[in-house]
Amino acid sequence: MTGFRVSERPGRRELSEPSSTTDLSFQGIIQYNARQMDAAFQRVVNAILKFSKLEIDYIRISNVTDDSFLVSLEAHTSNTGPAKAMLSPMTIELHSVAGCFGKMTLPEIVAVPSGAPIVVKNQIVQITDKTALQFFVVPAIKRNIAKLSLKNGQTSVSVPALGVAPRSICYERDIRMQGMEGPQVAIKSVTVTGQPSTSLSLSSSTNNLARTNIAVTLHVKNPSPIEISFGICEFEIQNSDKEVFAELKGHLDIRCDHFNATFQGIVDKRVALQDGKARLVGRRCVGAGWCDETIKGIDIPISDIWKLLKALGLEYEELKEEEEEQKPFRWRGKWWKKGTWI
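Residues numbered from 1 in each chain as written. Predicted model: local features only at pLDDT ≥ 70, side-chain atom pairs only at ≥ 80, totals over all residues. Heavy atoms only, no water.

S.K.: Summarise the overall build of the chain; cite the residues concerned and give the values.
M.R.: A count of helices and strands for the chain gives four helices and 21 strands. Here the chain holds 342 residues, and the buried ones make up 45% of them. By sequence separation, contacts in the chain at least 24 residues apart represent 66% of the contacts at least 6 residues apart. When the accessible surface of the chain is split by element, carbon and sulfur atoms take 49% of a total near 18700 Å². (Helix = DSSP H or I, 4+ residues; strand = E, 2+ residues; numbered from the N terminus. Buried < 20%, exposed > 50% of the residue type's maximum accessible area, 1.4 Å probe, protein only. Contact = heavy atoms within 4.5 Å. Areas by Shrake-Rupley, 256 points an atom, 1.4 Å probe, with all protein chains shown as cover.)

Okay, structure coming up:
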């Protein structure tokens, strides 16, 4: 009778013969094979716990309140070993560097050598620590790396091919994702909608003729797999001296890749934008308090501010396409830059 000896490296199996001291009775052979299957099973478990990877392709936070939010998630596992393994549904803790901010339930995972998909749709997460949640959300927005840890996932593993009873394990993973890096914001279009009433938010001492109502559409680039729907938010466009050029209000729903967001607001044309530069600064979020603190952390430059100045009839300097820095590209062994082969 031949048994399997499984190496420490997942994905590799070697055959081993029973030693001369092996009990070759019927009962002895059964026990020997049981030990071999048990060892193979343990190596599958080790592959899942030590070598497997979990990568998040998409995660969305929506319907935020002070106490909860909805989460949708698409992820996949890899490096789980050569055998098909099944992990039972598990409740797992969501951690930032500041601690646990909630729990979610992962469905049954059927892990095969080619990987396994994981899909969660609109699951309610009760917020247990708002500070810990902000330590996940704020870096995810402002930095190029977002970190999320899954901890204390109590589940059981079964490997049908080995015929060994399921065993309980604690599943944990540290996940690194691409962050939003700001995100990058540019003005796509501007519509002047008229003069504001005296009840709007800029100082009542401001000359009404210097104020204008506008609708601004921003184009936002988000390289991260993270989406967050904040609801109604308020922003300011400030110059380099932090003077308020415009106040904006609208629905902010951060989407993956790129998206447009339209805000209504009021401009004070007396405030100068030096060198056509401006920043978008978060002021408040109408909904959950932790969202309010998160939005206040946004302070990013705005591209194409000349489009806003042009719509308002103010002096501006348009960035011509040919004036933008051109990167050389290679085609069939030659390099092309600024209209010529080099």
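Past the structure itself, the notes keep going.
S.K.: I'd like a description of a positive patch on the surface, backed by residues and values.
M.R.: Judged by side-chain charge, Lys-142, Arg-143, Lys-147 and Arg-176 come together as a positively charged surface patch. Here Arg-143 is to be found in the loop between α2 (130–142) and β10 (145–158). (Patch = residues over 30% accessible without salt bridge, like charges linked within 9 Å, V, L, I, M, F, W, Y side chains within 5 Å. Salt bridge = Lys/Arg side-chain N within 4 Å of Asp/Glu carboxyl O. Lys, Arg positive; Asp, Glu negative; His and termini not counted. Charge placed at Lys NZ, Arg CZ, Asp CG, Glu CD.)

S.K.: How would you sum up the nonpolar core? Please name residues and give values.
M.R.: Grouped together as the largest cluster of nonpolar side chains are 85 residues, with contacts concentrated most on Phe-230, Ile-237 and Phe-245. Beyond its immediate stretch of four places on either side in the chain, Phe-230 contacts Val-64, Val-137, Ile-141, Leu-252, Ile-254, Cys-285, Cys-291, Thr-294 and Ile-295. (Core = buried A, V, L, I, M, F, W, Y, C linked by side-chain atoms within 4.5 Å.)

S.K.: Residues and numbers for unusual backbone geometry, please.
M.R.: A cis amide bond links Gly-182 with the next residue in sequence, Pro-183, at an omega value of -10 degrees. The backbone phi angle of Asn-63 is positive, close to 50 degrees, even though this residue is not glycine. Take Asn-63: it is sitting in the loop between β3 (53–62) and β4 (68–78). The phi torsion at Asn-152 lies on the positive side, around 55 degrees, for a residue other than glycine. Residue position: Asn-152 is located in strand β10.

S.K.: Mind laying out α2, listing which residues take part and the relevant values?
M.R.: Taking 1.5 Å per residue, 13 residues should reach 18 Å; α2 reaches 18 Å between its end C-alpha atoms and fits that length. Buried within α2 we find Ala-132, Leu-133, Gln-134, Phe-136, Val-137, Pro-139, Ala-140 and Ile-141. One side-chain oxygen at the N-terminal end of α2 lies 3.0 Å from the backbone nitrogen of Thr-131; it belongs to Asp-129. (Expected span 1.5 Å × (residues − 1). Polar contact = N/O pair within 3.5 Å; in protein donor to acceptor, adjacent residues only side chain to side chain.)

S.K.: Describe the environment of Gly-282, and please don't skip the residues or the numbers.
M.R.: As for its position among the elements, Gly-282 is in strand β17 (residues 279–285). As a C-alpha pair, Gly-282 and Ile-237 span 45 residues in sequence and 9.0 Å in three-dimensional space. Contacts of Gly-282, omitting those with residues within four sequence positions, involve Glu-234, Phe-235, Ile-295, Lys-296 and Ile-298.

S.K.: So what's going on with the pattern of salt bridges? Which residues, and what values?
M.R.: According to the stated counting rule, one finds 12 salt bridges in the structure shown. Between Lys-249 and Glu-234 there is a salt bridge, with its nearest N and O atoms 4.0 Å apart. Of this pair, Lys-249 sits in strand β15 (residues 244–254) while Glu-234 sits in strand β14 (residues 226–238); the two residues are 15 residues apart in sequence, bridging distant segments of the chain. In this structure Lys-249 comes out as partly exposed when scored by relative accessible area, which is 43%. Residue class for Glu-234 comes out partly exposed when judged on its relative accessible area of 21%. Glu-293 is the partner of Lys-296 in a salt bridge, and the nearest nitrogen-oxygen pair spans 4.0 Å.

S.K.: Mind laying out the packing of aromatic side chains, listing which residues take part and the relevant values?
M.R.: All chains considered together, the criterion is met by three aromatic pairs. Ring geometry for Phe-101 against Phe-136: centres 5.9 Å apart, planes inclined by 15 degrees, an arrangement best described as stacked. Here the residue Phe-101 occupies a position in strand β7 (residues 99–106), and Phe-136 occupies one in helix α2, the gap between them amounting to 35 residues. Each of the two residues, Phe-101 as well as Phe-136, counts as buried. Taken together, a centroid distance of 5.6 Å and an interplanar angle of 80 degrees make the contact between Phe-235 and Phe-263 edge-to-face. Residue Phe-235 is found in strand β14, and its partner Phe-263 is found in strand β16 (residues 257–268); the two are separated by 28 residues along the sequence. (Phe/Tyr/Trp six-rings, centres within 6.5 Å; stacked < 30°, edge-to-face > 60°.)

S.K.: Go over the side chain of Ser-68, please, and point to the residues and values.
M.R.: Mapped onto the secondary structure, Ser-68 falls in strand β4. If near-sequence neighbours (up to four positions away) are discounted, Ser-68 is found in contact with Asn-63, Ile-124, Val-125, Gln-126 and Ile-127.

S.K.: Any chance you could break down the environment of Ser-303 for me, citing the residues and the numbers?
M.R.: By secondary structure assignment, the location of Ser-303 is in strand β18 (residues 299–303). In sequence terms Ser-303 and Ile-187 are 116 residues apart; their C-alpha atoms lie 6.3 Å from each other. Setting aside its immediate chain neighbours within four residues, Ser-303 contacts Val-185, Ala-186 and Ile-187.

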